[in-house]
Amino acid sequence: MTKEERLKKRYNSEKRFKFYGILSVSLAMIFVLVLIQNIVSKGSSAFSRTTIEVDIIYNANLLEIEGPITKEALNNAEFYDLSVESILKIFPSQNAKEERQVLRLFSPDFEYEVKRVLSKKPNKINDIVPIRLTASDDVDQLNKGNFPRDLPEDRRRVSNFQLNIYDNLVEQDKIGKKFNDYFFTKGDSRDPELAGIGGSLMGSFFTIVICLILSFPIAIMASIYLEEFAPKNKITDFIEININNLAAVPSIVYGLLGLGILLSVMEFPRSTPLVAGITLSLMTLPRIIIPCRASLKAVPPSIREAALSVGASKFQTVFHHVVPLAMPGTLSGTIIGLAQALGETAPLILIGMVAFVVDIPGTPVDPSASLPVQVFLWSEQAERGFVEKTSATIMMLLGFLIVMNFIAVYLRQKFEKKWN
Amino acid sequence: MNLLLLAIILAFSLSSYFFGRSEARKLVTGNIKLNALPAYYGYFLALWCGLPALIIFGGWSLFESTIIKTLILSDFSNIQSRDLFYERTLSFFNGNFSGEITNEIKVASERYAYLNNLAHNSKIALVASAIIASVVFAYKKIKNNNKARDDVEKILKILLFTSSLVAILTTLGIIASLLFESIKFFSTINIIDFLFGTSWSPQRAFVRDASTITPEEFLELKDAFGSVPLFAGTAFIALIAMCVAVPIGLFAGIYLAEYASTSVRKYSKPIIEILAGIPTVVYGFFAALTVGPFFRSLGESLGLTVSSESALAAGLIMGIMIIPYISSLSDDIINSVPQSLREGSYAIGATKSETIKKVVIPAALPGIIGSILLAVSRAIGETMIVVMAAGLAANLTINPLESTTTITTQIVMILVGDQEFDSPKTQAAFALGLTLFIATLFLNYIALRVVKKYREKYD
Amino acid sequence: MELENKKIKIQAKNLNVYYGAKQALFNINLEINQKEVTALIGPSGCGKSTFIRCINRMNDVIDICKVDGSIEIDGSEINDKKVDVVMLREKIGMVFQKPNPFPKSIYDNIAYGPIIHGLAEEKNQMDNIVETSLKKAALWDEVKDRLDEPGTSLSGGQQQRLCIARALSVSPEVILMDEPCSALDPIATAKIEELIDELKKSYTIVIVTHSMAQAVRVSQKTGFFHMGKIIEVDSTDKIFKNPSNKMTQDYITGRFG
């Protein structure tokens, strides 16, 4: 092999090596894009819901009201018969089976939707009031183009009869779209069109607040002790080893801890944000202590010496000078730790947060779900409508995580002093 | 009720700060000088007022319900399903019970009302006397013009130290909760059968109470908890994940550390790290709904039978999740290799890749191995991806297109929903958890030591 | 010492170097003679290290560094695009301020260069190269029984001689030394200086040093750098006994620097 050939070979191998590097970096970035694109394309349609406009005949005789029609009486009235009567008028049906199919175009909540509008309008009695009712998830998915229409009828969730009505309604311009406020305000439901993340949002909120209240002060105090006061001895070493190992223990083990100690020994209420918050705070604690200590360590000794030299006590030095200077790093470490806790699922499943909870929790001791658990629960559902709901929940979750991480980065860049 | 008591304690504590401060000021007469700033006397009194009361309050609240429960149940020793009975009693007491009201429930709920009341009253009494006693004690000290600052700092230091003990307590808690149930499990199931048995089917273990096992049932149980398929499945999926993550992560780390310009590095590193910040449930969703079915249809078009819960899909997605753990740590570690080594290599006429392959990587090897070990530990402890995308049936296979199950999947499957605490099935989950904990602890400990040693070498 | 009779090995013409917006070298013109030691002296930060890093194009590694002007070795331009940097560095060895043996065995440290350049086909050829390089660096007798031990286990002075042996292993024509003794004790320094004296018989040597005494001891020609400019170049004798520039005079008598 001549010198030139050898050199060429060496440079080819150089190019190959560099190419592998570029390939790896691009692959990793492509994965990020594919993942996010996949979620967004599946989930963005969940932010709107399909409505069907129905001319409701405000027939007071069907309200089952005895006596005068007052506001109060309207609030207690039954709107089911009235709604059904008007709904069936949108398309002529031959028999009871077809009538059922017509009703199934709407979400089971239509009665309450009608009531919500009409009970406030006693002056419209015996008039015709057009109301946009929420469509069932089948119609919703059909309208969003997620159901292929060319399948044979027995493999479709929408019958030919229903498809016919749908097309008819489209021609009459009765099918509409509307911002899906249900998704944010309602709790869980078996019907995708009525299911919302209101409950799990509150659950996550309570969980994170409890996690913050418990882990932040303890983490700060522990880091201050270890960084500023701890003597170099066996106990300190042992604590350090513990913290480093705990930070890498799989989260599911914390779930077992919550189940084995908090639920079965201490009898805390199951499925509640309280237990979730305590469990997650134990998990988050070491993950906050590590960055907290790093930012305390980054404060140069000269600051401490300056304070000590004017006669401040060790405590005054630490609390008046070191801790405030380390605060930005500490806070951003805490926020990142909380962001991890917010996305955590496995330990919450073990402490029973997978229960089907319709009510939105009002306190941390009410049973509830949390956002990531909601993702898990809905992803197990068969209905096509839950796929977009799940993806939309993921979008919300990722949104919160992005905001939290941005705040953390901002705090660090804006307020952290660079020591040279 | 509890909140009110808490508020009262805090209010007392706050007012004793002002009281202590003003009392200290009154001490200054003639040539008596205070031993510390007046505020420290306030802190001193406030800490003494609040801390003992809070400790008593917290401890009492933690154990109150357990104690009341044991007291009540001890009166009804002949009742079956005791937990259920107690729950019924509670809901009867709260007035939302809708079942058959037995005489026992009535009696128990009266007893509960009595005990509950007693507990509340004694808690208030105890907290109040704690406040009074400690305030009197602290007040006397103030009157003697104590070294308030030193005393306050002593208390604070104890507080700080206690906080750092939480880490040890957590570890102890984990070990206790895992060990307690595992020992019960291993008293029914032989540990050898558990570790080396090759058939896993806990659903067969329908026995509710471990103490009433017949010999036939015992034989049945004996080979229901062979966890080799779980260990194999866990290792297999982790292996697939590492096959994806190690080359990509390592090359990405090398590229970012050695080749990338500062601007490329500035943007691509955080983008890659997004992969580590995405919750694992999102990966699980992606793997189960997109990647699994995609592989399945891809396999169909190639004439292969691919399970839609294939180990390949779960492992691949897990590998993607792990990429940043390897790339970022190896990037850091490669950066800490001294520049002088690279210059020595360049100066002798080596190309960049020769320098990296023959000088930088060998120098950084311990650190890189450490980061890979940490990644392996993450892979075997990862739960949501495998719960959602890998199979549930314990399947001893090395075909990546088939489905297998893992330790974490089985823990979740056993514990999701209601648990019967005395059944060997539930205890099995804790035994699995213990195995997982020991395995990851071992990996983490080695990895952290290796990385630490490596850093010390070049610091 | 007759400067005129010597063949010129390296010639720098109008060399300017910039680190980003900051100019580090201004219009350097310098001739370096074959098989002779040229010392570069000057206060720290004066650009002498930057200059010798231009000779084997080590500044290519630094992104923001821009080199402008010409350096010729044996009459051919090295900053030319066609010149291959790998081949150039094979011809020009370098020894650094701090000894930087690779974290490998002593043997592998020396064998590294010949392996990447494909200089030895067989094992005994390689053994040969390792032995001669170590002998030339006056290290063979100290390490011949422990070639398998890591290079980092040697003492500082031995490490530096190992690095010199490593540079010699690919048979360079020029050896650049960037303050090779600054991290060593006086005894190790004396050994290295002795070695330099021996090496100049077969190699052209450029040495950057902060010690004027060392420049006097080892070099035949000396260049004085200040603030990125070359102030005076002449035979070492002349520079230290009778410098023509006032600034050189002040520096060698210790008025600044």
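Quick caveat: nothing in here was measured; it's all calculated off a predicted structure.

Conventions and cut-offs
- Residues numbered from 1 in each chain as written.
- Chains lettered and ligands numbered in written order.
- Predicted model: local features only at pLDDT ≥ 70, side-chain atom pairs only at ≥ 80, totals over all residues.
- Heavy atoms only, no water.
- Pairing = 2+ DSSP bridges.
- Helix = DSSP H or I, 4+ residues; strand = E, 2+ residues; numbered from the N terminus.
- Core = buried A, V, L, I, M, F, W, Y, C linked by side-chain atoms within 4.5 Å.
- Buried < 20%, exposed > 50% of the residue type's maximum accessible area, 1.4 Å probe, protein only.
- Contact = heavy atoms within 4.5 Å.
- Axes fitted to C-alpha atoms, helices over the stretch in contact; angles between N-to-C directions.
- Buried area = accessible area lost by both parts, 1.4 Å probe.
- Salt bridge = Lys/Arg side-chain N within 4 Å of Asp/Glu carboxyl O.
- Patch = residues over 30% accessible without salt bridge, like charges linked within 9 Å, V, L, I, M, F, W, Y side chains within 5 Å.
- Areas by Shrake-Rupley, 256 points an atom, 1.4 Å probe, with all protein chains shown as cover.
- Lys, Arg positive; Asp, Glu negative; His and termini not counted.
- Charge placed at Lys NZ, Arg CZ, Asp CG, Glu CD.
- Domains from an automatic or database assignment.
- Polar contact = N/O pair within 3.5 Å; in protein donor to acceptor, adjacent residues only side chain to side chain.
- Expected span 1.5 Å × (residues − 1).
- Nonpolar A, V, L, I, M, F, W, Y, C, P; charged D, E, K, R; others polar.

All names here are of chain C. An order of 2-1-4-5 is seen for the four strands of this open sheet, with the pairing classed as antiparallel. In this open sheet, the two strands that pair with only one neighbour each are strand 2 (22-33) and strand 5 (76-77). With eight bridges connecting them, strand 1 (residues 8-19) and strand 2 associate as antiparallel partners. Directly across from Q11, in strand 2, lies its bridge partner E31.

Within the largest apolar cluster, 176 residues are counted, with the highest numbers of intra-cluster contacts made by Y283(B) and I411(B). With 18 residues, helix 8 (residues 228-259) of chain B is the single largest residue contributor to this core. Setting aside residues up to four positions removed in sequence, I411(B) forms contacts with I252(A), L256(A), L350(A), A429(B), L432(B) and G433(B). Among the nonpolar cores identified, the runner-up in size contains 43 residues, and Y107(C), L139(C), A165(C) and L184(C) belong to it.

All names here are of chain C. Summarising the element assignment, L40 is placed in strand 3 (residues 37-41). L40 sits 184 residues away from F224 along the chain, and the two C-alpha atoms are 6.0 Å apart. Apart from residues lying up to four places away in sequence, L40 is in contact with L30, K48, F51, I52, V206, I207, V208, T209, G223 and F225.

So, about the sheet that holds strand 3 (residues 175-179) of chain A. All names here are of chain A. Strand order in the open sheet formed by three strands is 2-1-3, with antiparallel pairing between adjacent strands. One side of each edge strand has no neighbouring strand; the edge strands of this open sheet are strand 2 (128-134) and strand 3. Ignoring strand direction, the axes of neighbouring strands in this sheet form an average angle of 40 degrees. Of the pairings in the sheet, the one linking strand 1 (residues 48-57) to strand 2 comprises seven bridges and is antiparallel in character. The partner of D55 across the bridge, within strand 2, is P130. Across the sheet, helix 3 (residues 80-88) is in contact with strand 1 and strand 2; its angle to strand 1 comes to roughly 95 degrees.

Before going further, it helps to examine the interface of chain A and chain B. In this complex, chain A contributes 76 residues to the contact, which on the side of chain B involves 83 residues. Taken over both partners, the interface formed by chain A and chain B buries close to 7000 Å², and the fraction arising from carbon and sulfur atoms is 78%. A salt bridge links R10(A) to E354(B); the nearest nitrogen and oxygen atoms lie 2.7 Å apart. Among the elements that line the side of chain A that touches chain B, the one with the most residues is helix 1 (residues 3-43) of chain A, at 21 residues.

Now for the side chain of Q101(A). You can see Q101(A) is positioned in helix 4 (residues 96-103). What Q101(A) contacts, discounting residues up to four positions off in sequence, is S159(A), F161(A) and Q162(A).

All right, on to a positive patch on the surface then. Together, K71(A), R116(A), K120(A), K121(A), K124(A), R132(A) and K178(A) give the surface a local cluster of positive charge. Assignment of secondary structure puts R116(A) in helix 5 (residues 110-118).

Quick look at the domain arrangement of chain B now. Assigned domains within chain B: domain 1 (2-146) and domain 2 (228-458). Centre-to-centre, using C-alpha coordinates, domain 1 of chain B lies 48 Å away from domain 2 of chain B.

The tally for this structure, following the rule as stated, stands at 39 salt bridges over all chains. Between K186(A) and D109(A) there is a salt bridge whose closest N-O contact spans 3.6 Å. Here K186(A) is found in the loop between helix 8 (182-185) and helix 9 (198-229), whereas its partner D109(A) is found in the loop between helix 4 and helix 5, with 77 residues between them in sequence. D109(A) sits in the buried class, given a relative accessible area of 16%. Among the salt bridges present, the one from K26(B) reaches E23(B), with a minimum N-O distance of 2.8 Å. With K26(B) and E23(B) both in helix 1 (residues 2-27) and three residues apart, this pair spans about one turn of that helix. E23(B) sits in the buried class, given a relative accessible area of 5%. Residues joined in a network through salt bridges with shared partners are R265(B), K269(B), D331(B) and D332(B).

A separate point is the interface of chain C and chain A. Facing 10 residues of chain C, the contacting portion of chain A comprises five residues. Buried surface at the junction of chain C and chain A, both sides included, amounts to about 630 Å², of which 48% is carbon and sulfur. Where chain C meets chain A, there are one salt bridge. When the shortest N-O distance is used, the salt bridge between E90(C) and K3(A) registers 3.0 Å. Applying the counting rule to chain C against chain A returns seven residue pairs in polar contact (both at pLDDT 80 or more). Mapped onto the side of chain C that touches chain A, the elements with two or more residues apiece are helix 2 (85-91) and helix 3 (106-117) of chain C.

The next thing to look at is the environment of I115(C). Within the secondary structure layout, I115(C) lies in helix 3. By relative accessible area, I115(C) is classed as partly exposed at 45%. Separated by 26 residues in the primary sequence, I115(C) and R89(C) have C-alpha atoms spaced 15 Å apart. Beyond its immediate sequence surroundings of up to four residues, I115(C) is in contact with R6(A), K358(B) and M126(C).

Between its first and last C-alpha atoms helix 6 (residues 156-168) of chain C spans 18 Å; for 13 residues at 1.5 Å apiece the expected length is 18 Å, and the two agree. Those residues of helix 6 of chain C that fall on the buried side of the exposure criterion are G157(C), Q158(C), Q159(C), Q160(C), R161(C), L162(C), C163(C), I164(C), A165(C), R166(C), A167(C) and L168(C).

Attention shifts here to helix 12 (residues 339-347) of chain B. Residue and element names in this part refer to chain B. Burial of helix 12 is extensive: seven of the nine residues sit out of reach of the surface. For helix 12, the full list of buried residues reads L341, R342, E343, G344, S345, Y346 and A347. Phi for G349, located one or two positions after helix 12, is positive at around 95 degrees.

This part covers the domain arrangement of chain A. You'll often see interface size given as the accessible area lost when the parts meet. Residue and element names in this part refer to chain A. Partitioning chain A into domains gives domain 1 (47-180) and domain 2 (198-415). Centre-to-centre, using C-alpha coordinates, domain 1 lies 46 Å away from domain 2. Opposite the nine residues of domain 1 that make contact, domain 2 presents eight residues. Both faces considered, domain 1 and domain 2 share a buried interface measuring about 610 Å² in area, 54% of it formed by carbon and sulfur atoms. On the domain 1 side of the contact with domain 2, F47, Q141 and N146 bury the most area, a combined 58% of that side's loss. Counting every contact that joins domain 1 to domain 2 gives one salt bridge. Here K144 makes a salt bridge to E388, at a shortest N to O gap of 2.8 Å. Remark: the boundary between domain 1 and domain 2 carries two residue pairs in polar contact (both at pLDDT 80 or more). Along the lines of polarity and charge, the residues of the side of domain 1 that touches domain 2 split into two nonpolar, three polar and four charged.

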